[in-house]
Structures are given as structure tokens and as C-alpha cells.
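The lines below spell out each chain.
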Amino acid sequence: MVAPALTIAQRRQRGSSMIEVLVTLVIVSFGLLGLAGLQTRLQTSEMESYQRSQALLLLNDMANRITTNRSNAAAYVSGADVDSPLGAGMNCPTSTASVVEADLREWCNALQGAGETTGGNNVGAMIGGRGCVEDLGSGEYFITVAWQGLIPIAAPPASVACGANGYDTAGSSCVNDLCRRTVTTLVRIATL
């Protein structure tokens, strides 16, 4: 039996399906690469969000401690210089003789991530978390929590000195405080 002869249209159709498959593979590959990039950005955003929520919890914690112990509020002042904040890279107070000392010790340990550990390392807070309490006078205390962001965005205002220039990394895009993140609050103690 003889096979029927192919028409001209059928002969032209041969092989084009392979080209269509290759073009489809290229398009799908670009789409998958785009999804991988999106996933990476989502993970970065998720980590930034987690760090900000931890910082807000610690900020609120110190504000509540100062408000609760209002008669000794001035004793909570730690300053905002690079060497004076509490937290990462600093030695936490060891004394718990007074309520203020115990509060500062617990806050410092929390800033260092002592709330959660993995393999003996503190991992429960922000990267490089530092906390400052400044006395503005007239019963006003400026509380700041600073930490290391993952990507450069914008430097906090110059009026927020806590951790300033402490998160710059030579040879990276984290210079001029572009990776320093801060949250602040003001606590007013009324004179009764």
C-alpha cells in the first residue's frame, strides 16, 4: 500500500511545532525567573516587616516601663551616642538591685534577641538592635529603637541620633545610614 502524498500546506507545517515549543519554553523561562525575583523581594520585605514589628514591641515595652516607674524616669536615660545605647554589641547591665536596673537589663537582653535562641545564639529580635532613652527636659523622654535594615532605603532624620553611623558597611550600599531603621516615641511624665 502506498502512503498518500502530502499536500504543500502539510509540508510547510512540518517542523514549525518544534519552533513553537522552543518559543514557549523561552517565554515560560522568563516568567519563572521573574517569579524567582519576586519571591526574593517578598522575603526581604517580610524580614523588614518582622524587624519593624519587633522594634515596635520593644519600643512600647520601654515606654511602659518608664511610665510605670515614673518617679525614677530620669534613671532610664542611656543617651544616643554610638557607644551608649543598649543592645547589640553592648554589655548589658548585670545588676538587678533596683527596678530601673532590672528593666534596663531585660530591655538590653531583649534588644540582643534573648527572647529566642537557636544553637545557643540569640535570634529573637532585629539585626543589630539598639535602644536609646534621651532626656529632653520638662519630663519628656525620647525613646528610640534602631536596627540594621536589609536594603538601603533612606536615612532617618538627623534628629534621631540613636545608632547613627553604626550600621554603615564599607564596600556595600549600606552607607550614610541608608540601612539604619528607627522607630521612636515620646513619653511625657506629668509633674503631680
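What you see is a predicted model; the values in this text were computed from it and never measured.

J.: Describe the nonpolar core, naming the residues involved and giving the relevant values.
T.: Ranked by size, the top nonpolar core spans 25 residues in total, and within it Met-62, Ile-66, Trp-107, Met-126, Val-133, Ile-143 and Val-145 carry the most contacts. Only helix 2 (16-68), helix 3 (99-111), strand 5 (140-148) and strand 6 (180-188) provide two or more residues apiece to this core. Here the element with the most residues in this core is helix 2; it accounts for six residues. Apart from residues no more than four positions distant in its own chain, Met-62 is found in contact with Tyr-76, Asp-103, Leu-104, Trp-107, Val-133 and Ile-143.

J.: Pulling in residues and values, what's your account of the state of the cysteines?
T.: Tallying each qualifying case throughout the model produces three disulfides. The disulfide bridge from Cys-92 ends at Cys-108, spanning 2.0 Å between sulfur atoms. Here the disulfide of Cys-92 and Cys-108 is left-handed, its torsion about the S-S bond being about -80 degrees. Note that Cys-92 is positioned in the loop between strand 1 (86-87) and helix 3 and Cys-108 in helix 3, a separation of 16 residues in sequence. Using a relative accessible area of 16% as the deciding quantity, one classes Cys-92 as buried. Two residues, Cys-174 and Cys-179, share a disulfide whose sulfurs are 2.0 Å apart. The disulfide joining Cys-174 to Cys-179 has a torsion of about -65 degrees about its S-S bond and is therefore left-handed. Comparing Cys-174 with Cys-179, the two get one shared label, buried.

J.: Can you explain the sheet that holds strand 4 (residues 130-137)? Please cite residues and give values.
T.: With respect to topology, four strands assemble into an open sheet ordered 1-4-5-6, the strand pairing being antiparallel. Looking at which strands have only one partner, the edges of the open sheet turn out to be strand 1 and strand 6. Relative to strand 6, strand 5 runs antiparallel, the two being bridged by nine bridges. The residue of strand 6 that forms the bridge with Ile-143 is Thr-185.

J.: I'd like to hear about the side chain of Arg-130, residue by residue, with values.
T.: If you trace the backbone, Arg-130 turns up in strand 4. Here Arg-130 sits buried without a salt bridge, and the closest side chain of opposite charge, Asp-177, lies 8.2 Å off (N-O distance). Of note is the side chain of Arg-130, whose polar atom sits 3.5 Å from the backbone oxygen of Ala-88.

J.: Give a description of unusual backbone geometry that names residues and reports values.
T.: The bulk of non-glycine residues show a negative phi, and the bulk of peptide bonds are trans. The phi torsion at Ser-138 lies on the positive side, around 55 degrees, for a residue other than glycine. Residue position: Ser-138 is located in the loop between strand 4 and strand 5. Note on Ser-138: relative accessible area 77%, which makes it exposed. With phi around 65 degrees, Asp-177 is a residue other than glycine that occupies positive phi space. Tracing the backbone shows Asp-177 in the loop between strand 5 and strand 6. Taking the relative accessible area as the measure of exposure, Asp-177 reaches 6% and is therefore buried.

Conventions adopted
Residues numbered from 1 in each chain as written. Predicted model: local features only at pLDDT ≥ 70, side-chain atom pairs only at ≥ 80, totals over all residues. Heavy atoms only, no water. Core = buried A, V, L, I, M, F, W, Y, C linked by side-chain atoms within 4.5 Å. Buried < 20%, exposed > 50% of the residue type's maximum accessible area, 1.4 Å probe, protein only. Helix = DSSP H or I, 4+ residues; strand = E, 2+ residues; numbered from the N terminus. Contact = heavy atoms within 4.5 Å. Disulfide = S-S within 2.5 Å. Pairing = 2+ DSSP bridges. Lys, Arg positive; Asp, Glu negative; His and termini not counted. Salt bridge = Lys/Arg side-chain N within 4 Å of Asp/Glu carboxyl O. Polar contact = N/O pair within 3.5 Å; in protein donor to acceptor, adjacent residues only side chain to side chain.

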